[in-house]
Amino acid sequence: MATGNGTLAGKVAIITGGGTGLGKMMALLMAKEGADIVVAARRIGAIEQTADEVREIGPRALAIPTDVTDPAQVNNLVERTLVEMGGLDILVNNAGIVRGQERRPLWEVTDEEWRIGIDTNLSGAFYCCRAAIKHFVDQGHGKIINIASGNGMRGNRGDFMYGTAKAGVINFTRVLATTFAQDNIQINCIAPGFVNVRELQPEPSTRGSFLTSDFIPVGRIGVPEDIGHLALFLASDASDYITGALFANDGGGLAGGVSPTGYAPVIAMEED
Amino acid sequence: MVAGDFRLEGKKALVAGDSKYWSKYAGAALAEAGADVAFAARNAKRIEEAAGEVSRHGQKALTLKTDMTDAAQVQKMVDQVVAGFGRIDILVNANELLLAKPLLETSESEWHRMIDVNLNSAFHGCQAVGRQMIKQEKGRIINLISCLAERGVANFAAYCAAMGGVLQLTRALDIEWGRHGITVNAIGTGWMSETEKTGAPQEELLLKYIPLKRYGRPEEVGSLLVYLVSDTTDFLTGQLLYVDGAAMCHL
């Protein structure tokens, strides 16, 4: 990584799900460009670790344990941020879980499973936006980045709650964008592809595994940096006329999707 | 100011095609981020002006008067850029010819010219530069197109068809060249202007219709362009990304 240029200096960012994986990488990359970071997630240990790494880079950091499916905790997250960091400029709705992917028959899905799936992956983003956006309107600027998924753009077998909630996030982004365009708030959406989030590894995964050879045109699965840099771009002034947009960052797979290999056999042009 | 990780030091770019804004603004954005830039278009005055912007940022510029609708000229031009720069890391296809006319009044030659300038030029650019990028096992291709690649508007059938063609070229090449380290993306621009008002008919209505209530400034496309061609986007390919002030969001 190159050194930062201070493009986010003086900004405060909340990153939900910031203790691990994509959220942690976003926190570190934004910190490197000068942003103060508030890390929110349920597990205190992980978010304190991210906060420590942000402080090592230089900016201020705060770890606030938060369950985004609880509106009271979300309101507390935003209030504490405003009081303790003195402002809020960027909100990244990254918290979410792949749940309800067991591919059971639809008639076996319980009310509770449906509710949890939609709450975690869609309602959490609503609670966070609702808590932060009045402040953005009052100050006359703000950036929101919602993390969706390719599962919200295509219908995968048995993917009832996650796929539906992520589709909801994508259109929630568009509705927010048109509603708050004049308030100088940019709201965009990232759909990450397959990303290895188990560890922050600097090198791309080796080519040639089952996943990479069959489904991903660029020939590797993603690394957290792929998504983190996109979030950094969307958090900065460089994206001020971009709002309501969906950025799929998936190694190219979503551009195709009708052939199992992505490749058609060569056919000579013949006219009768 | 460009974020540190998006800097383009040492990179060689080619901005190809005739269009109202993009030689100048794409060139300036790439040069400001640290790239050297070659320009290829028919309009010699326009590419000289764009080269001036690049020099102003202290980067090297090349200008090659080229008709992008002529495959032989394009190949010759690409050979000259490779001779001058040693490689091509970034190709920006920036071809735009407008025609607003009911389809029934559109002549055969007008239709062919629209497809030739807006679509075939991008094909020529991708083919000639793609050959070089496959040798390099790395490259970034950006097709600058319009939101009308995905939406229809009356009296714009030829333009919509051509832009839709470039979008599908983008998606197919993503998959065809992904394994060669080449990413292929499109930027879909909304209503752009260098000035706050243009005096266009029904301008007030249009500005009310764009959620952001203003035209996009050409440099706001440049900042996305720089991110997309940086070293941080190996995984981002086959996409159409809008710079449109949310115009594509609403009904």
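Report on the accompanying structure. The structure displayed is predicted, hence computed values, not measured ones. Position labels on residues start from 1 in each chain and follow its written sequence. Both sets of labels track the order of writing: A upward for chains, 1 upward for ligands. Per-residue local features of the predicted model are confined to residues with pLDDT of at least 70, and side-chain atom pairs are confined, for both listing and counting, to 80 or more; whole-chain, interface and lining totals are unaffected and use all residues. To obtain the side-chain values, all non-hydrogen atoms of the structure were used and water was disregarded.

## Some points on the sheet that holds strand E4 (residues 90-93) of chain B
Residues and elements named next belong to chain B.
And step 1. Spatially, the 7 strands line up as an open sheet ordered E3-E2-E1-E4-E5-E6-E7, and their pairing is parallel. Among the strands making up the open sheet, the edge pair consists of strand E3 (61-65) and strand E7 (240-243). Put simply, the sheet's adjacent strands are angled 20 degrees from each other on average, direction ignored.
And step 2. Pairing of strand E2 (residues 36-41) with E3 involves 5 bridges; the strand directions are parallel. The residue bridging Ala41 from the neighbouring strand is Lys65, located in E3.
And step 3. Throughout, a contact is declared for two residues whenever any of their heavy atoms are within 4.5 Å. Every axis corresponds to a line fitted to the C-alpha atoms, with the helix fit spanning only the stretch in contact, and the corresponding angles, defined between N-to-C directions, vary from 0 to 180 degrees. Runs of H or I in DSSP of at least four residues are treated as helices and runs of E of at least two as strands, each being numbered from the N terminus. Its contacts with the sheet place helix H7 (residues 218-229) against E4, strand E5 (139-146), strand E6 (182-189) and E7, and it is angled at close to 150 degrees to E5. Two strands are counted as paired when DSSP detects at least two bridges linking them.

## Looking at the packing of helix H1 (residues 22-32) of chain B against helix H2 (residues 44-56) of chain B
All names here are of chain B.
And step 1. The geometry of H1 relative to H2 is characterised by a closest axis approach of 8 Å and an angle of 20 degrees between their N-to-C directions. It follows that H1 is roughly parallel to H2 by the angle criterion. Between H1 and H2 lies a crossing of right-handed hand. Contacts from Ser23, Lys24, Gly27, Ala28 and Ala31 in H1 reach Arg46, Ile47, Glu49, Ala50, Glu53 and Val54 in H2.
And step 2. Partitioned by chemical class, the residues of the contact of H1 with H2 number 5 nonpolar, 2 polar and 4 charged. If an angle is under 35 degrees, it is roughly parallel; if it is over 145, roughly antiparallel; if it lies from 65 to 115, roughly perpendicular; otherwise it is oblique. A clockwise turn of the near helix away from the far one marks a right-handed crossing, whereas an anticlockwise turn of less than a right angle marks a left-handed crossing. Think of it as three bins: nonpolar holds Ala, Val, Leu, Ile, Met, Phe, Trp, Tyr, Cys and Pro, charged holds Asp, Glu, Lys and Arg, and polar takes everything else, Gly as well.

## Topic: unusual backbone geometry
Residue and element names in this part refer to chain B.
And step 1. Look at Glu137: it is not a glycine, yet its phi comes out positive at around 60 degrees.
And step 2. On the secondary structure map, Glu137 appears in the loop between helix H4 (108-136) and E5.
And step 3. Positive phi outside glycine occurs at Asn155, with the angle close to 75 degrees.
And step 4. Along the chain, Asn155 falls in the loop between E5 and helix H5 (157-177).
And step 5. Note on exposure labels: buried denotes an accessible area under 20% of the residue type's maximum, exposed denotes more than 50%, and partly exposed covers the range between, all computed with a 1.4 Å probe on protein chains only. Given a relative accessible area of 39%, Asn155 falls into the partly exposed group.

## As for the interface of chain A and chain B
And step 1. Facing the 50 residues of chain A at the interface are 40 residues of chain B.
And step 2. We define a salt bridge as a side-chain nitrogen of Lys or Arg found within 4 Å of a carboxyl oxygen belonging to Asp or Glu. On the surface where chain A and chain B come into contact, there are 1 salt bridge.
And step 3. Elements represented by at least two residues in the side of chain A that touches chain B include exactly helix H1 (21-32), helix H5 (160-180), helix H6 (210-215), helix H7 (224-235) and strand E7 (246-249) of chain A.
And step 4. Element by element, the count of residues in the side of chain A that touches chain B is highest for H7(A), at 5 residues.
And step 5. For the side of chain A that touches chain B, the residue count by class is 24 nonpolar, 18 polar and 8 charged.

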